[in-house]
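Letter by letter, the chains look like this.
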Amino acid sequence: QFWSSCCFLFLASLPSCTPKKLLQKRNMQVYSIDAGSFKLDGGAMFGVVPKLLWQKLISADENNLCTFAMRCLLIVDGDKKILIDTGMGDKQSEKFFGHYHPTGNNLLNSLKENGFDKEDITDVSLTHLHFDHCGGAVNRSMEPVFPNAAYWISKEHWEWAVQPNAREKASFLK
C-alpha cells in the first residue's frame, strides 16, 4: 500500500508532457502512456490527511477539486507488450463524466503516438480496480479493448473490488 501510494503521488505530481520513452535497459523499454486527466474532490482523495498537508503537492480549485493525471505504463520486453492500467476509458454516461471532468489525451491515441495499436498489447496488468485505473480495459459492450491481451489482477484486489468497504464503494463500478 505505501509503495503504491508513493508511486501514485510521484506520477500525479509529474508535469504534463508528451508521451515519451522513460527507460530503455537492454531490450526492455518503458513508456509513459497518457490516458488524460480528471478531477476529484480533494477530501475524497486524501481522506483524513489534512488539506494543509496535501495542498502543498496538489492544488484544489474553488470547488475543492484536484486535477489528477492518468498515466499508464507500457513495458516492451521482446515480443511482450505489457500495459499497466488503462485509465478511465470512455464507456460511462455523460452524467458520470460530469462529476469527473475528464480532459486531455486518451489511452488509444497515446499508444498510437508511441507507435502501438490496441492489437499489439499482449498483457494488461491492473494495479487495482478503481474506475480511473481499469475503466479503459473494456468497451461499452463490455468486451476487452485489447483483444490479444491476457488481463491480470491480484486475487487481493479482485476481492477488494467485489466486496469494497463503504468509503471506497463508489470507486468500483459495476
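Located above this text is the structure these notes cover.
Residues numbered from 1 in each chain as written. Predicted model: local features only at pLDDT ≥ 70, side-chain atom pairs only at ≥ 80, totals over all residues. Heavy atoms only, no water.

Description of the pairing of strand S2 (residues 28-41)
The side chains of a regular strand alternate between both faces of the sheet.
Right, so step 1: Extensive coverage of S2 is indicated by the burial of ten of its 14 residues.
Right, so step 2: Judged from the twelve bridges that link them, S2 and strand S3 (residues 65-77) form a sheet pairing that is antiparallel. Its bridge partner lying in S3, Leu40 is registered against Cys66. (Buried < 20%, exposed > 50% of the residue type's maximum accessible area, 1.4 Å probe, protein only. Helix = DSSP H or I, 4+ residues; strand = E, 2+ residues; numbered from the N terminus. Pairing = 2+ DSSP bridges.)

Focus on the nonpolar core
Right, so step 1: One finds Phe38, Leu74, Met88, Leu107, Leu111, Ile121 and Phe146 to be the most contacted residues of the largest nonpolar core, which totals 33 residues.
Right, so step 2: Listed by contribution, the elements that provide at least two residues to this core are S2, S3, helix H4 (94-100), helix H5 (107-113) and helix H6 (131-134).
Right, so step 3: Excluding anything up to four places from it in sequence, Leu107 contacts Ile33, Asp34, Ala35, Cys72, Leu83, Thr86 and Phe146. (Core = buried A, V, L, I, M, F, W, Y, C linked by side-chain atoms within 4.5 Å. Contact = heavy atoms within 4.5 Å.)

Quick notes on the side chain of Lys91
Right, so step 1: You can see Lys91 is positioned in the loop between strand S4 (80-84) and H4.
Right, so step 2: For the buried Lys91, no salt bridge is present, and the opposite-charge side chain at shortest range is Asp90, 6.8 Å distant.
Right, so step 3: Residue contacts for Lys91: discarding those within four places in its chain leaves Phe97, Gly135, Gly136, Val138, Asn139, Arg140 and Met142. (Lys, Arg positive; Asp, Glu negative; His and termini not counted. Salt bridge = Lys/Arg side-chain N within 4 Å of Asp/Glu carboxyl O.)

Examining the pattern of salt bridges
Right, so step 1: Enumeration according to the criterion identifies four salt bridges in this entry.
Right, so step 2: Note that Lys80 and Asp123 form a salt bridge whose closest N and O atoms lie 3.0 Å from each other. Residue Lys80 is located in strand S4, and its partner Asp123 is located in strand S5 (residues 123-125); the two are separated by 43 residues in the primary sequence.
Right, so step 3: Judged by relative accessible area, which is 6%, Asp123 ranks as buried.
Right, so step 4: One salt bridge connects Glu159 with Lys155, and the closest N-O pair in it is separated by 4.0 Å.

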